[in-house]
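# Remarks on the overall topology
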Amino acid sequence: VLHMSDLCEKFVDNDPVRAKLEMKNIHKNIQNAISQLREFTTEFLPYVSDSNQYSLALNQIIVRVKSNCPDLKVDLKIDEFDQKEKRLYCFVLLKIIMEYCMNTSKHSSAQNMSIEITNKPDAYEIKISDDGIGFDYKAALEKQNCNGLRITQDYISFLNGKLDFKSKENEGTSICVTVPKGDL
């Protein structure tokens, strides 16, 4: 949305018609983001109230993924979250995992996906990999309709995390998100 508003600003004097179209797109994207956040919050917030229920939330994410791609085999390995982690922190972690998993189910043509969440002494490490068609991450970010990837980058930044992304055509994609533990 921020990128689109910057673009709109450039058009406002030189091409007011295009600026109006961009503003309509911004409005539509904001409405879509709000709708998705409401849906995610309604479904997953109950799981975030108790750190013992994160595995239930992750299983719910897998159910969603499999509804998009029933033949996808998903391997889940998870360490428990620490009891002291704040609800918002854990909620954002789940949102990051959800976005990458849904992208895999929608776009990768993968047969297999692996999700591994490791509770390290100073950070959580989230690894998600697939054997799909792969894609160019930087090129995808430049497209207008890749808001999920951009938003996920914002979530990772919000948690002071780091993203390591690898993808090769016809060899799949793997991401590793490392987020330090601690207060938001």
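What comes next concerns the included structure. (Residues numbered from 1 in each chain as written. Predicted model: local features only at pLDDT ≥ 70, side-chain atom pairs only at ≥ 80, totals over all residues. Heavy atoms only, no water.)

## Quick notes on the pairing of strand 2 (residues 112-119)
Our working rule: A pair of strands is labelled paired if DSSP reports no fewer than 2 bridges between them. To qualify as a helix, a DSSP run of H or I must reach at least 4 residues; to qualify as a strand, a run of E must reach at least 2; elements of each kind are numbered from the N terminus.
Bridge count for strand 1 (residues 73-78) against strand 2 is 6 bridges, and the pairing is parallel. The residue of strand 2 that forms the bridge with I78 is I117. Pairing of strand 2 with strand 3 (residues 123-130), which is carried by 7 bridges, proceeds in the antiparallel orientation. For N119, the partnering residue across the bridge sits in strand 3 and is Y124.

## Observations regarding the packing of helix 4 (residues 87-107) against helix 6 (residues 147-158)
Rules: Only the stretch in contact is used when fitting a helix axis, every axis being a line fitted to C-alpha atoms; angles between N-to-C directions are given from 0 to 180 degrees. Roughly parallel covers angles under 35 degrees, roughly antiparallel covers those over 145, roughly perpendicular covers 65 to 115, and oblique covers all other angles. Two helices cross in a left-handed way if the nearer one is turned anticlockwise from the farther one by less than a right angle. They cross in a right-handed way if the turn is clockwise. The criterion used for residue contact is that any of the two residues' heavy atoms lie within 4.5 Å. The nonpolar class holds Ala, Val, Leu, Ile, Met, Phe, Trp, Tyr, Cys and Pro. Asp, Glu, Lys and Arg form the charged class, and all remaining residues, Gly among them, are polar.
Close contact between helix 4 and helix 6 brings their axes to 10 Å; oriented N to C, the two are set at 150 degrees. The pairing of helix 4 with helix 6 is recorded here as roughly antiparallel in orientation. Read as a crossing pair, helix 4 and helix 6 show a hand that is left-handed. In this structure, helix 4 contributes L88, V92, K95, I96, E99, Y100 and N103 to the contact, and helix 6 contributes G148, L149, T152, Y155, I156 and F158. By residue class, the composition of the contact of helix 4 with helix 6 is 8 nonpolar, 3 polar and 2 charged.

## With respect to the nonpolar core
We count it as follows: To form a nonpolar core, buried Ala, Val, Leu, Ile, Met, Phe, Trp, Tyr and Cys residues must be joined to one another through side-chain atoms within 4.5 Å. Three labels apply to residues, based on accessible area from a 1.4 Å probe with only protein chains included: buried if under 20% of the type maximum, exposed if over 50%, partly exposed otherwise in between.
I61, L93, I97, Y100, C101, I128 and V177 are the most contacted members of the largest nonpolar core, which totals 37 residues. Of all the secondary structure elements, the ones that give two or more residues to this core are helix 3 (54-68), helix 4, strand 2, strand 3, helix 5 (137-142), helix 6 and strand 5 (172-180). Take this core: its biggest share by element is 11 residues, from helix 4. Apart from the residues within four sequence positions on either side, I128 is in contact with I97, Y100, C101, M113, S114, I115, T173, S174 and I175.

## A short note on the pattern of salt bridges
Short version of the rule: Any Lys or Arg side-chain nitrogen located within 4 Å of an Asp or Glu carboxyl oxygen qualifies as a salt bridge.
The tally for this structure, following the rule as stated, stands at 4 salt bridges. Between E125 and K120 there is a salt bridge, with its nearest N and O atoms 3.5 Å apart. A salt bridge links K166 to D164, with the nearest nitrogen and oxygen atoms 3.5 Å apart. Given a relative accessible area of 33%, D164 falls into the partly exposed group.

## Thoughts on the packing of aromatic side chains
Filter applied, for reference: Working definition: rings of Phe, Tyr and Trp (its six-membered ring) pair if their centres are within 6.5 Å, and the pair is stacked with planes under 30 degrees apart, edge-to-face with planes over 60 apart, and tilted otherwise. Definition used: whenever NZ (Lys) or CZ (Arg) falls within 6 Å of the ring centre and also within 35 degrees of the ring normal, the charge is taken to sit over that ring.
Scanning the model with the defined rule gives 3 aromatic pairs in all. Each ring, one from F135 and one from Y137, has its centre 6.4 Å from the other, and the planes form 50 degrees; the classification is tilted. Looking at Y137, the relative accessible area reads 9%, which means it is buried. With a centroid separation of 5.4 Å and 70 degrees between ring planes, the pair formed by F135 and F165 is classed as edge-to-face. Here the residue F135 occupies a position in the loop between strand 3 and helix 5, and F165 occupies one in strand 4 (residues 162-168), the gap between them amounting to 30 residues. Residue classification places F135 among the partly exposed residues on the basis of a relative accessible area of 36%. In textbook terms, an aromatic cluster arises when at least three aromatic residues are bridged by ring pairs, as seen for F135, Y137 and F165. Above the face of the Y124 ring, K181 is positioned so that its terminal group lies 5.0 Å from the ring centre.

None of the figures reported here should be taken as evidence of function without further support.
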